[in-house]
Each structure stands twice: as structure tokens, then as C-alpha cells.
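As a plain string of letters, each chain reads:
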Amino acid sequence: MKRIAIYPGSFDPVTNGHVDIVRRGKTLFDQIIVAILHNPNKESLFTVDERMFMLKDSMKGISGITFDTFGGLLVDYAKECGADAILRGMRAVSDFEYEFQLALMNRKLNRDIQTVFLMTGLRWIFTSSSIIKEAAQFGGDIADMVPPIVNRMIKERYGTDKN
Ligand code: PNS
């Protein structure tokens, strides 16, 4: 039987940490659906289409993954997809409380879908989309924390590509 996991997130933008989790996830699951949460109430730097473009480009070398967007409850979407699990990355202890709450709420909403946490590689332990945006906004070099497409697009967005 095919084991399917959903890897959900905002991916605003995708980082090397996200790519690392998908690579590790592929050793456990036959298919991973990388799904962007479409939340019109949340302000984002990149549109869903831009985020999708960057995700696809960043993960083009990995087999057995598909890409999608979803709205509403994650567990409903996971059920629709026939997924067995929700895949989430865990970095430092600071992630734990939020991830624990999310996983327990999702379990309460649907007991059949398990949350699987994978540790990111040590090099990505301090890499997050928000810290990357903050650094990039002020011209900080983020080239070794994000896929090349993201480095390019984030510089264009902040107008720091001319420096
Ligand atoms: O990358 P993020 O922003 O940490 O991802 C958070 C995400 C998308 C996994 C989470 O916000 C989510 O699943 N949202 C959909 C609504 C939902 O089901 N929330 C959890 C139970 S209330």
C-alpha cells in the first residue's frame, strides 16, 4: 500500500530547511504532497502562485512529490487526499510548543491521521522563513539558506538585487 504524507505550510518562502525535510520524508513515504495553506487573511511576502513556483523549482530533483494548495482544516484536506500522515519539521525546542498544540488539535479533529515530526539537518536549525525575510530586507546575505530561485526572487522583491 502506498504511504502518503501531506507536508503543509505557508512556505513564504521555501527554505533549505523545508527541502531537507521533504528529502528525509521521502525515505519514509512513497508520496509527499507539499501543500501551501491559502489564507487570504494572513499577510504574505509572496503570492500563492509565486510560492508554488519557488517550491516546484526548489524540489525539482526529488521524485514522488506533488504540489497543491489548500484552505480550511488541514485534517479535512488530508482525508480528501487519502493521506496517512501530516509531516512537520522540528528545529529547536522553541518549535515544540506550537507543533505540539497543532498536532494534538489535529488528532482531536481526526484520530486517523498521524503527525510525523522529522528533525531538520543541524545546518538548518536556525533557518526560518521569517528570519530570512528580515535579513534579506536589509540586504543580508541569505544565499546559503535558501534555494537559488528564492535568493533571486527575494532580492527582487526587496529591491536589494541592485546592491
Ligand atoms: O508553515 P506554517 O505557517 O507553520 O504552517 C502552519 C499550517 C499551515 C500547518 C497550519 O496553520 C494549518 O494547518 N492551518 C490550516 C488550519 C488548520 O487546520 N489548523 C490546525 C487546527 S485548528
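Since this is a predicted model, take the numbers as computed values, not measurements.

Basis of the calculations
Residues numbered from 1 in each chain as written. Predicted model: local features only at pLDDT ≥ 70, side-chain atom pairs only at ≥ 80, totals over all residues. Heavy atoms only, no water. Helix = DSSP H or I, 4+ residues; strand = E, 2+ residues; numbered from the N terminus. Rg over C-alpha atoms; globule rule 2.2 N^0.38 Å. Buried < 20%, exposed > 50% of the residue type's maximum accessible area, 1.4 Å probe, protein only. Contact = heavy atoms within 4.5 Å. Areas by Shrake-Rupley, 256 points an atom, 1.4 Å probe, with all protein chains shown as cover. Core = buried A, V, L, I, M, F, W, Y, C linked by side-chain atoms within 4.5 Å. Patch = residues over 30% accessible without salt bridge, like charges linked within 9 Å, V, L, I, M, F, W, Y side chains within 5 Å. Salt bridge = Lys/Arg side-chain N within 4 Å of Asp/Glu carboxyl O. Phe/Tyr/Trp six-rings, centres within 6.5 Å; stacked < 30°, edge-to-face > 60°.

(A) Quick peek at the overall build of the protein chain. A count of helices and strands for the protein chain gives six helices and five strands. Each helix and strand of the protein chain, ordered N terminal to C terminal, gives the series β-α-β-α-β-α-β-α-β-α-α. Rg of the C-alpha trace for the protein chain: 16 Å, near the compact-globule value of 15 Å for 163 residues, within the 12% margin. Once the C-alpha set of the protein chain is aligned to its principal axes, its extents read approximately 50 × 35 × 30 Å. By the burial criterion, 47% of the 163 residues in the protein chain qualify as buried. In the protein chain, 77% of the contacts between residues at least 6 apart in sequence involve partners at least 24 apart. Looking at the protein chain as shown, the accessible area adds up to about 9,300 Å², and 53% of this sits on carbon and sulfur atoms.

(B) Quick peek at the nonpolar core. Tyr7, Val34 and Met59 are the most contacted members of the largest nonpolar core, which has 31 residues in total. Among all residues touching tyrosine 7, those that are not within four sequence positions of it are His18, Ile21, Val22, Ile32, Ile33, Val34, Ala35, Leu87, Arg88 and Gly89. Counting residues in hydrophobic clusters, the runner-up holds 12 residues, among them Ile6, Phe70, Val75 and Ala83.

(C) Structural detail: a nonpolar patch on the surface. Nonpolar side chains collect at one region of the surface, where Val93, Phe96, Phe100 and Leu104 lie side by side and expose about 410 Å² of accessible area between them. Here phenylalanine 96 shows up in helix α4 (residues 96-109). The class of phenylalanine 96 is partly exposed, set by a relative accessible area of 41%.

(D) View of unusual backbone geometry. Residues aspartate 12 and proline 13 are joined by a peptide bond in cis, for which omega reads 5°. Relative to the helices and strands, proline 13 is located in the loop between β1 (4-9) and α1 (16-25). In this structure, phenylalanine 11 is a non-glycine residue whose phi angle is positive, near 50°. With respect to the helices and strands, phenylalanine 11 occurs in the loop between β1 and α1.

(E) Examining the packing of aromatic side chains more closely. Scanning the entire structure with this criterion turns up three aromatic pairs. Ring plane angle 20° and centroid distance 5.1 Å describe the contact between phenylalanine 96 and phenylalanine 100, whose orientation is recorded as stacked. Taken together, the residues span about one helical turn, with phenylalanine 96 and phenylalanine 100 both in helix α4 at a distance of four residues.

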